[in-house]
Amino acid sequence: MSLDSEAKRLWRAARTLSSAAGTPHLPPLLFFTDPERTPEPWRIAERLPAGASVVHRGFGRPESHEEAGRLREVARRAGVKLLIGKDAELAEAIMADGVHLPEADAGRAAELRRRNPHWLVTAAWHPGRSPIAPRDTGLDALIASPIFSPGGASSGPGLGPEGLATSVAASRLPVYALGGITAARAELLEDSGACGIAAVDAVMSAWGRIRT
């Protein structure tokens, strides 16, 4: 398959951040699934560039196990890593590549690392609410959000490139940028120190149009 211009631009921006941050061991791009916005995430996962990653968030729905299993098969074929949101037991059951933890659960990372030493373990971080980053024990990276305001009456202000740079400097861990990301906005983060991009809609928009 060939990437269209938007996908190329987003992938290039993600890899540029990863290179500048010196994190070749981490995926430069994370595709976060969402039950409402990404009803068939495996269709996007199979189109992602090798080296990217999918974070499956099932939110406890009954069909989460089946979806995760399907994503596991697709991700392996595509050379894409698969992380499971919060549910470590599901991640172990389907032999996922790791887990993504809510900020409140970041303290579980050390325990999960002992049980699964080869996992990639990330955690959410909202610097606007919690300026102090979660402890680094057992974690590989943090996902900081929101970087740009997604809009809507309930959304708060985003950190912006400068706020992200401040947050990265305050963290001992690599930090991904999440929230309101587009290909154009991702390019504004080149000097932030972030290790990569995490997104829902931007990935759907870019890779959803690719012809296979």
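Here the structure is a predicted model, which is why all the values come from computation and not from measurement.

Draft legend 1. A look at unusual backbone geometry. Here the amide bond leading from serine 145 into proline 146 is cis, since omega sits at -10°, within 30 degrees of zero. Relative to the elements of secondary structure, proline 146 occurs in the loop between strand 6 (141-144) and helix 6 (160-170). Positive phi values are uncommon outside glycine, yet lysine 86 reaches one of about 70°. Residue position: lysine 86 is located in the loop between strand 3 (81-85) and helix 4 (88-93). Despite not being glycine, methionine 95 has its phi angle at roughly 60°, a positive value.

Draft legend 2. Expanded view of the layout of surface pockets. Each pocket or cavity is described by its volume, and for the second largest pocket that value is around 350 Å³. Mapped onto the lining of the second largest pocket, the elements with two or more residues apiece are strand 3 and strand 4 (98-101).

Draft legend 3. Geometry of the pattern of salt bridges. In total, this model carries 11 salt bridges according to the counting rule given. Here arginine 61 ties to glutamate 67 by a salt bridge, and the two come within 2.7 Å at their closest N and O atoms. Residue classification places glutamate 67 among the buried residues on the basis of a relative accessible area of 13%. For glutamate 111, the salt bridge goes to arginine 115, with nearest N and O atoms at 2.9 Å. Within this pair, glutamate 111 and its partner arginine 115 are both found in helix 5 (residues 109-115), separated by 4 residues, close to a single helical turn. Residues joined in a network through salt bridges with shared partners are Asp34, Arg37, Arg57 and Asp201.

Conventions used here
In this convention, every chain numbers its residues from 1, walking through the sequence in written order. Local features in a predicted model are, by the rule used here, given only for residues with pLDDT of at least 70; side-chain atom pairs are given and counted only at 80 or more, and totals for whole chains, interfaces and linings are based on all residues. Note: side-chain values were computed over all heavy atoms of the structure, leaving out hydrogens and water. The helix and strand labels rest on DSSP assignments: H or I over at least four residues marks a helix, E over at least two residues marks a strand, and numbering proceeds from the N terminus. Grid points spaced at 1 Å over the protein atoms alone were grouped into cavities, where a 1.4 Å probe fits but cannot get out, and pockets, open sets with protein on both sides within 12 Å along at least five of seven lines, with lining residues defined by an atom within 4 Å of a point. Grid points are joined across faces, edges and corners, and a volume is the space filled by probe spheres set on the points. Within this document, salt bridges are pairs made up of a side-chain nitrogen of Lys or Arg and a carboxyl oxygen of Asp or Glu, the two lying within 4 Å of each other. Only protein chains enter the accessibility calculation, which uses a 1.4 Å probe; a residue is then buried when its area is under 20% of its type maximum, exposed when over 50%, and partly exposed in between.

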